[in-house]
Amino acid sequence: MNLWGGRFTGETDKHFAVFNASFRFDRRLIFADLRACAVHAQALGRAGVLLDSEVATITDGLQQITANAAEPGYLDRAEFAGAEDVHSFIESRLVELIGPTGYKLHTGRSRNDQVAVATRLFLRDELERLDVVIRDTQLALIELAERYADDPLPGYTHLQKAQPILFAHFLLAYFQMLQRDRERLADCRQRMNVLPLGSGALAGTNFPVDREWMAAQLGFAGVTRNSLDAVSDRDYIIEFASAAALTMMHLSRLAEDLIIYSTQEFGFIKLGDAISTGSSLMPQKKNPDSLELIRGKSARVFGHASALLTLAKGLPLAYNKDLQEDKEALFDTIDTLSDSLRVTATVLRNIELNRNRARAAAISDYTNATDLADYLVRKGLEFRKAHEVIGRIVVFAIEQGRQLHELTLVECQQFSSLFSDDLFEAISLEQSLAGKNAIGGTSSEQVRAEINKAKALL
Ligand code: ARG
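Residues numbered from 1 in each chain as written. Predicted model: local features only at pLDDT ≥ 70, side-chain atom pairs only at ≥ 80, totals over all residues. Heavy atoms only, no water.

**As for the pairing of strand S1 (residues 152–157)**
In this structure, S1 lies alongside strand S2 (residues 160–166), joined through 6 bridges in antiparallel fashion. From the neighbouring strand, Thr 157 faces S2, where its bridge partner is Gln 160. (Pairing = 2+ DSSP bridges. Helix = DSSP H or I, 4+ residues; strand = E, 2+ residues; numbered from the N terminus.)

**Here we look at helix H14 (residues 369–378)**
Of all the residues in H14, the buried ones are Ala 369, Asp 371, Leu 372, Ala 373, Tyr 375 and Leu 376. Looking one or two places after H14, you find Gly 380, whose phi comes out positive at around 110 degrees. (Buried < 20%, exposed > 50% of the residue type's maximum accessible area, 1.4 Å probe, protein only.)

**What about the packing of aromatic side chains?**
For the structure shown, the criterion picks out 15 aromatic pairs. Note on Phe 170 and Tyr 261: the rings are 5.5 Å apart at their centroids and 50 degrees apart in plane angle, and the pair reads as tilted. In this pair, Phe 170 is assigned in helix H7 (residues 167–192) and Tyr 261 in helix H10 (residues 235–261), connecting sequence segments 91 residues apart. Each of the two residues, Phe 170 as well as Tyr 261, counts as buried. (Phe/Tyr/Trp six-rings, centres within 6.5 Å; stacked < 30°, edge-to-face > 60°.)

**Focus: the side chain of Asn 112**
Tracing the sequence through the fold places Asn 112 in helix H6 (residues 111–147). In this structure the side chain of Asn 112 is engaged in a polar contact, spanning 3.2 Å, whose partner is the backbone oxygen of Ala 201. For Asn 112, the residues in contact, after removing those within four places along its chain, are Gly 200, Ala 201, Val 231 and Tyr 319. (Polar contact = N/O pair within 3.5 Å; in protein donor to acceptor, adjacent residues only side chain to side chain. Contact = heavy atoms within 4.5 Å.)

**Digging into the site of the ligand**
Lining the immediate environment of the ligand, one finds Ser 22, Asp 26, Asp 85, His 87, Arg 111, Asn 112, Val 115, Tyr 319, Lys 321, Gln 324 and Lys 327. Tyr 319 is positioned such that a nitrogen or oxygen atom in its side chain is 2.4 Å from an oxygen atom of the ligand. Protein chains shield 86% of the accessible area of the ligand, which is 340 Å² for the free molecule. Top contributing element to the shell around the ligand by residue count: H6, with 3 residues. Classifying every residue of the shell around the ligand by side-chain character gives 2 nonpolar, 4 polar and 5 charged. (Near = heavy atom within 4 Å. Areas by Shrake-Rupley, 256 points an atom, 1.4 Å probe, with all protein chains shown as cover. Nonpolar A, V, L, I, M, F, W, Y, C, P; charged D, E, K, R; others polar.)

**A short note on the environment of Glu 450**
With respect to the helices and strands, Glu 450 occurs in helix H19 (residues 444–457). Along the chain, Glu 450 and His 169 lie 281 residues apart, while their C-alpha atoms are 8.9 Å from each other. Apart from residues lying up to four places away in sequence, Glu 450 is in contact with Leu 172, Gln 176 and Ile 439.

Interpretation note: all reported values are geometric properties and have no functional meaning in isolation.
Here it is, written out as structure tokens:
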């Protein structure tokens, strides 16, 4: 049955009814909605709009629906398939359970403030769950960083070998990104955490419900201050989707790095069987499908963030039905982000560093050229001149097919008289790493300190 009987004499078109219905997806809000319903009923009681006995009957009915909804398969029953949305479903179930008193619950309320409060409550809980999953992914990074605390890896810029770093330093870069992601979600939660209920359809409510009391009951930090804004605001969903898009971008970058590092050409990382797939045709293959899917799934979350902005941009105040389209984008963003984080953590727990190969790669191809330039600076040469001298030495070494540490002191001295035999120590891998000892650098001292700081944040 429709909620809007009186004004209508004709039937809803069957296809339009299906098009209009959202129960098949917005049922996911049912527990949040039921919580808000119970508080609304009590607020009506406190305002003298409902009798205490009516509040009690309604509360019992809502509890019964809550218990039923938790039964597996209950909401999938064929008899509920025609429900328009989760809000009308709750009302019709309530009336079935407790009789016409159930019709009083919607007093002073609209589905417009109802859906707003349910979505905020729902997302607030989901943010807490997501924080747990992000933290576990961070933990997986730390576990790996501790396992390989002193192992070097070539660092890249432009995907050209640049300078040696520690593998743990590489991993901690992603820890930092995920830490910012957690902060963004916490920030988003703060703005989300206000009660829109009591805004009515758009103008407010004629009944003296104590909105601040309702907010406190539902754990909101305050109440919305403008009813028009409250029923049409989806900023908190867009903020969340944007934050989620950023996190997916970070996971995608990590995936890309690990995919590259696991190729035969790089060979720094070995992927475990648990997170790899084979080829239906080529028997030798081991493919990084887990990582490719994480990279690929970032696209759909970016799409949701973009869709939500587009959805909202042309809407006149206040509520418009377009806003029902926010749900599937929101739910899929939550699920995709959460699954991608989980798989990322699993991947991190199923990879091995090929220590020898990573070390050999870290010291070859003139990754210590900058250290050699810095050596000349310490001997008194201006940096720009030192840069030029070392550039010429690198050209010489490339022509000779030798690494810098394979040159002789005499050869080096032909380029600058400042070289003496301490130069070889200055360009060793150990010194190159240990030298980067300012805060945030890749020295083992700094990296160990950051691992400890990171652990404290979890
Ligand atoms: N299912 C609707 C939504 O998600 C609930 C609000 C409907 N309100 C209305 N006046 N049609 O947006």
